[in-house]
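Topology and contacts: notes
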Amino acid sequence: MHNRVVVTGLGVVAPNGVGLTAFTEAIKNGTSGINHDPQLEQLQFSCQIAGKPELSDDFIAQYFSPLELRNFNSTGILYGVIAGMDAWKNAGLDINQDSDEPDWDSGTIFGTGTSGIDKFRESIYKVDELQLRKLGSTVVVQTMASGISAYLGGKLGLGNQTTTNSSACITGTESILMAYERIKTGQATKMLAGSTSDSGPYIWAGFDAMKVCTYKHNQSPKQGSRPMSASASGFVPGSGAGALVLESLDSALKRGATIYAEILGGHINSGGQRGSGTMTAPNSIAVQRCIKGALQNAGIKASEIDAINGHLTATAKDATEIQNWSIALDRKNKDFPYINSLKSTIGHCLSAAGSIECIASILQLHQDFVFPNINCEDLNPEITDIIDFNKIPQQLLNTNVNIVAKASFGFGDVNACIILKKYAK
Amino acid sequence: MDRAELIARLTPIIATYAQDKDAVASINETTDFIKDLKINSANLVDVILDVEEEFDIEIDNLSMERMLNVNAAIEIIEDKLKTK
């Protein structure tokens with residue numbers, strides 16, 4: 001007998017909104033969080049625009065003690081801890097720092113691509129300058145990949161599995177599906193699922209060097225991220241974190257918790273870097289299998305999907321993604337579901353993308369809307385050959401949304417697709 | 001520098017890491033960093049780095065190992081100041 005799994009808490013640190021209220025408003029209004037980044041300009045990046053959450057020192061001090069902030073230099077852990085603690089509070093759960101007893105039935109799977117890349121840089125310089133002993137005690141916990149789950153585990157007193165997953169740009173969606181499985185199979189009652197990504201030049205430089213980021217909008221940052229547009233010219237780097245409290249339905253009902261959505265299931269696979277798949281390009285057959293696998297796992301028909309939240313990064317691959325959805329669902333033109341990409345307003349938040357975008361998808365289910373895509377007034381004709389332009393909303397749509405399919409694709413030819421549903425008894 | 005002055009300069013450093021803030025108020029030569037002040041053992045190296053900076057001295061590995069209470073800290077600091 002498997003548990004039904006629901007989402008009872010959300011926390012988000014996004015370039016266009018920190019906190020659930022600000023983020024909800026921003027996605028409904030299509031508010032861009034992309035700005036010109038003087039540091040990227042100074043370092044002569046091709047792409048000098050980016051998405052970074054704005055956090056004041058006073059705000060940060062609500063989540064970290066002065067001791068924790070001494071020699072602290074990890075934006076990923078910063079964003080992740082704020083999102084994670086917010087989600088926990090949003091679920092109506094206690095942050096009991098005085099209890100000696102861990103919560104044995106609660107854990108976390110909180111992903112990241114790198115940890116504390118600025119802290120790492122700082123320590124590498126010290127080591128090379130023969131100042132190793134001056135590193136102090138703060139390097140390891142900020143630069144180990146599992147730093148974020150370790151911080152959250154301590155703050156929340158988690159006694160169940162406490163780990164970090166990492167799988168490029170599917171990381172966030174994967175963490176939710178892994179946490180879902182753990183509750184479904186009865187190994188945990190509550191799991192904090194989510195993901196985070198460092199910000200700044202040292203995380204984004206490699207992408208800039210690969211020429212996958214846009215260099216055409218340094219003077220027009222808000223127009224820079226253009227998923228599904230004919231003039232899409234590469235992604236805009238972003239950063240932040242998203243966190244979700246997943247819980248067995250029984251536990252949620254017993255507590256009288258707010259239920260944002262139910263997770264029906266999903267699928268994770270890889271194209272094995274065979275066929276059209278490479279280290280950096282997706283195998284379309286694998287993408288289609290992933291979507292179909294998710295439907296099967298969730299026990300729904302393709303016709304039941306009301307909206308898709310795509311990966312859609314604003315490269316030439318956007319049309320390929322739409323084609324893969326269309327083939328996998330066997331739906332096209334006016335029969336295609338609504339589709340949107342959050343990347344138009346926050347950029348590509350890399351390892352944080354999946355979790356932040358899942359939160360946007362869940363808000364759509366909970367509040368009955370489809371958030372608008374921006375910067376695609378010139379839709380790519382290869383896309384409108386497959387689906388009707390009305391299916392790509394450019395204005396907020398207030399409409400009943402019952403089921404959302406959300407997919408993420410990542411380097412290493414990896415795919416994840418999750419099926420989210422409005423909760424009903 | 002007398003012992004009282006040393007303790008006065010040591011106290012703010014220790015206070016940063018002490019989790020028992022009440023114990024900081026009654027700090028004396030017998031105060032143990034871990035048992036009394038509840039300093040996380042990982043932070044002992046940070047205390048030492050801060051002490052080095054405050055007194056402009058360098059504390060060797062052997063001294064580091066025994067710098068676990070106020071008394072030992074004072075002895076080590078006095079010793080290092082003498083040989084400066």
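Throughout, a residue's number is its position along its own chain's written sequence, starting from 1. Following the order in which they are written, the chains are lettered starting with A and the ligands numbered starting with 1. Reporting in this predicted model follows two pLDDT cut-offs: at least 70 for local features of residues, and 80 or more for side-chain atom pairs to be given and counted; totals over whole chains, interfaces and linings ignore these cut-offs and use all residues.

What about the overall build of chain B?
Helix and strand counts for chain B stand at five helices and zero strands. A run of DSSP states H or I qualifies as a helix once it reaches four residues; a run of E qualifies as a strand once it reaches two. Both are numbered from the N-terminal end. Secondary structure elements of chain B occur, N-terminal to C-terminal, as α-α-α-α-α. Taking 12 Å as the expected radius of gyration for a compact globule of 84 residues, we find that chain B reaches 12 Å, a close match to that expectation. Projecting the C-alpha coordinates of chain B onto the three principal axes gives extents of approximately 35 × 25 × 20 Å. The 84 residues of chain B split such that 23% are buried. For the radius of gyration, the atoms used are the C-alpha atoms, and the globule rule reads 2.2 Å times the number of residues raised to 0.38. With C-beta atoms placed from the backbone, a residue is labelled by how many other C-beta atoms lie within 10 Å of its own: buried for 20 or more, exposed for 12 or fewer, partly exposed between the two.

Here we look at the interface of chain B and chain A
Placing a C-beta atom from the backbone of each residue, one calls two residues in contact when those atoms lie within 7 Å. Listed as interface residues are seven residues of chain B and, on the opposing side, four residues of chain A. Going through the elements one at a time, helix H1 (3-17) and helix H3 (44-55) of chain B are the ones with two or more residues in the side of chain B that touches chain A. It is H3 of chain B that contributes the most residues to the side of chain B that touches chain A, three residues altogether. Across the side of chain B that touches chain A, the residue classes break down as four nonpolar, two polar and one charged. Charged means Asp, Glu, Lys or Arg here, nonpolar means Ala, Val, Leu, Ile, Met, Phe, Trp, Tyr, Cys or Pro, and polar covers whatever is left, Gly included.

Points about the domain arrangement of chain A
All names here are of chain A. These domain boundaries are the output of an automatic or database domain assignment. Considered domain by domain, chain A is made up of domain 1 (5-261) and domain 2 (266-421). On a C-alpha basis, the centroid separation for the pair domain 1 and domain 2 is 22 Å. Of all elements in the fold, only strand S1 (5-14), helix H1 (20-29), strand S4 (49-51), strand S5 (106-112), helix H9 (171-184), strand S7 (190-197) and strand S8 (240-248) reach the threshold of two or more residues within the side of domain 1 that touches domain 2. Looking at the side of domain 1 that touches domain 2, the element that brings in the most residues is H9, giving seven residues. Residue composition of the side of domain 1 that touches domain 2, by class: 27 nonpolar, 29 polar and three charged.

Comments concerning the nonpolar core
Leu244, Leu246, Ile291, Ile356, Ile362 and Ile418 of chain A are the most contacted members of the largest nonpolar core, which totals 107 residues. Both of domain 1 (5-261) and domain 2 (266-421) of chain A provide at least three residues apiece to this core. We define the nonpolar core as any set of buried residues of the types Ala, Val, Leu, Ile, Met, Phe, Trp, Tyr and Cys, connected via C-beta atoms lying within 7 Å of each other.

Considerations on the pairing of strand S12 (residues 403-410) of chain A
Residues and elements named next belong to chain A. Most of S12 sits inside the fold, with eight of its eight residues counted as buried. Where burial is concerned, the two faces of S12 agree: the one with Ile403, Ala405, Ala407 and Phe409 and the one with Val404, Lys406, Ser408 and Gly410 are both buried. For two strands to pair, DSSP has to find at least two bridges joining them. Pairing of strand S10 (residues 307-309) with S12 involves three bridges; the strand directions are parallel. Bridged to Ala307 within S12 is Val404. The pairing of S12 with strand S13 (residues 414-421) spans eight bridges and is classified as antiparallel. Following the sheet pairing, Ala407 is matched in S13 by Cys417.

A few points about helix H15 (residues 353-367) of chain A
All names here are of chain A. By definition here, a helix of n residues has an expected span of 1.5 Å times n minus one. Along its 15 residues, H15 runs 21 Å from first to last C-alpha, staying within 8% of the 21 Å computed at 1.5 Å per residue. Across the 15 residues of H15, 13 count as buried, placing the element largely inside the fold. Just downstream of H15 lies Asp368, where phi reads positive at about 55°.

Let's talk about the pairing of strand S9 (residues 261-270) of chain A
Residue and element names in this part refer to chain A. Counting buried residues along S9, eight of its 10 residues qualify, which places the element largely inside the surrounding structure. The sheet contact formed by S1 and S9 spans three bridges and is antiparallel. The residue of S9 that forms the bridge with Val5 is Ile263. Note: S9 against S13, eight bridges, orientation antiparallel. If you follow Glu262 over to S13, its bridge partner there is Lys421.

Quick word on helix H6 (residues 117-128) of chain A
All names here are of chain A. With 12 residues, H6 ought to run about 16 Å at 1.5 Å a step, and its terminal C-alpha atoms sit 17 Å apart, in line with that. If you check which residues of H6 are buried, you get Ile117, Asp118, Lys119 and Ser123. Elements in contact with the buried residues of H6: helix H5 (75-90), helix H7 (139-143) and helix H10 (201-209).

Some details on the confidence of the model for chain B
Per-residue pLDDT for chain B has a mean of 93; in total, 100% of the residues score no lower than 70. We note a pTM of 0.96 for the whole complex and an ipTM of 0.87 for its interfaces. Confidence scores labelled pLDDT are given residue by residue by the predictor and lie between 0 and 100.

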